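Analysis of the macromolecular model
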Amino acid sequence: MLGIAASTRNRFVITSNRESGKGRYDIVLEPLDKTRDNGIIIEFKIFDPEKEENLEGTCQRALNQIEEKKRDVELKKHGIPDERITRFGIGESSVQQ
């Protein structure tokens, strides 16, 4: 995530854990040039074997939360249409192997 922040700082305003929709998002990258770049929403989830069978399910749960909690509200308020918002759901396993 630090690489994303370092390589995009001249093209995006990066925010984290701010109110948007129903709660707080993990990371949002708002483009400085709204005609060139897409807005990006990133939601992280830890694998929970009681909620999903695998990490793919964890990623889907993260994407579902973006939709259900309307994490795109702030980007849309700033003039970025839905088709210019990219959503990433990232799953992580906390199981040590």
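Provided above is the structure to which this section pertains.
All values derive from a computational prediction rather than experimental measurement.

Observations regarding the overall build of the protein chain
Helices and strands together make up the secondary structure of the protein chain, namely three helices and four strands. In the protein chain, the succession of α and β elements from N to C terminus is α-β-β-β-α-α-β. Out of the 97 residues belonging to the protein chain, those deemed buried represent 31%. A separation threshold of at least 6 residues defines the contact pool for the protein chain, and within that pool the share at least 24 residues apart is 51%. Per element, the accessible surface of the protein chain, about 6,400 Å² overall, is 49% carbon and sulfur.

Some remarks on the nonpolar core
Listed in full, the seven residues of the largest apolar core are Y25, V28, I41, I66, L75, I80 and I85. Contacts of I66, omitting those with residues within four sequence positions, involve I41, E43, R71, R87 and F88. Within the second largest apolar cluster, five residues are counted, among which are F12, I27, I40 and I42.

Section: the sheet that holds strand 2 (residues 27-31)
An order of 1-2-3-4 is seen for the four strands of this open sheet, with the pairing classed as mixed. Edge positions in the sheet fall to strand 1 (12-16) and strand 4 (85-92), since each has one partner strand and no second. Here the strands of the sheet are splayed against their neighbours by 15° on average, with no regard to which way each runs. Pairing geometry for strand 3 (residues 39-46) and strand 4, over eight bridges, is parallel. The residue bridging G39 from the neighbouring strand is I85, located in strand 4.

Some thoughts on the environment of N10
Counting through the fold element by element, N10 comes out in the loop between helix 1 (2-8) and strand 1. With relative accessibility at 66%, the residue N10 sits in the exposed group. Spatially, the C-alpha atoms of N10 and P31 are 9.3 Å apart, while their sequence positions differ by 21 residues.

Brief notes about the side chain of E43
Following the sequence through the fold, E43 ends up in strand 3. A polar atom in the side chain of E43 sits 3.3 Å from the side chain of Q65. Setting aside anything within four residues of it in sequence, one finds E43 in contact with Y25, D26, A62, Q65, I66, R71, F88, G89 and I90.

Some details on the environment of P31
Residue position: P31 is located in strand 2. Look at P31 and you get buried, because its relative accessible area is 1%.

Conventions we followed
- Per chain, residues are indexed from 1 in the order of the written sequence.
- Local features in this predicted model are restricted to residues of pLDDT 70 or higher, and side-chain atom pairs are both shown and tallied only at a pLDDT of 80 or more, whereas totals for entire chains, interfaces and linings draw on every residue.
- Only heavy atoms go into the side-chain values, all of them from the structure, while hydrogens and water stay out.
- Each helix corresponds to a stretch of at least 4 residues labelled H or I by DSSP, and each strand to a stretch of at least 2 residues labelled E; elements are numbered beginning at the N terminus.
- Type-normalised accessible area, obtained with a 1.4 Å probe on protein chains alone, sets the label of each residue: buried when under 20%, exposed when over 50%, and partly exposed for intermediate values.
- Any two residues whose heavy atoms approach within 4.5 Å are treated as being in contact.
- Per-residue and other accessible areas follow the Shrake-Rupley method at a 1.4 Å probe size, with only the shown protein chains counted as cover for residues.
- Here, nonpolar core means buried Ala, Val, Leu, Ile, Met, Phe, Trp, Tyr and Cys residues that are tied together by side-chain atoms lying within 4.5 Å of each other.
- A pair of strands counts as paired when DSSP detects no fewer than two bridges linking them.
- Each axis is a line fitted through C-alpha atoms, and for a helix only the stretch in contact is used; angles between axes span 0 to 180 degrees, taken between their N-to-C directions.
- Here a polar contact is taken to be a pair of N or O atoms separated by no more than 3.5 Å, where protein atoms must pair a possible hydrogen donor with a possible acceptor and residues adjacent in sequence count only if both atoms sit in side chains.

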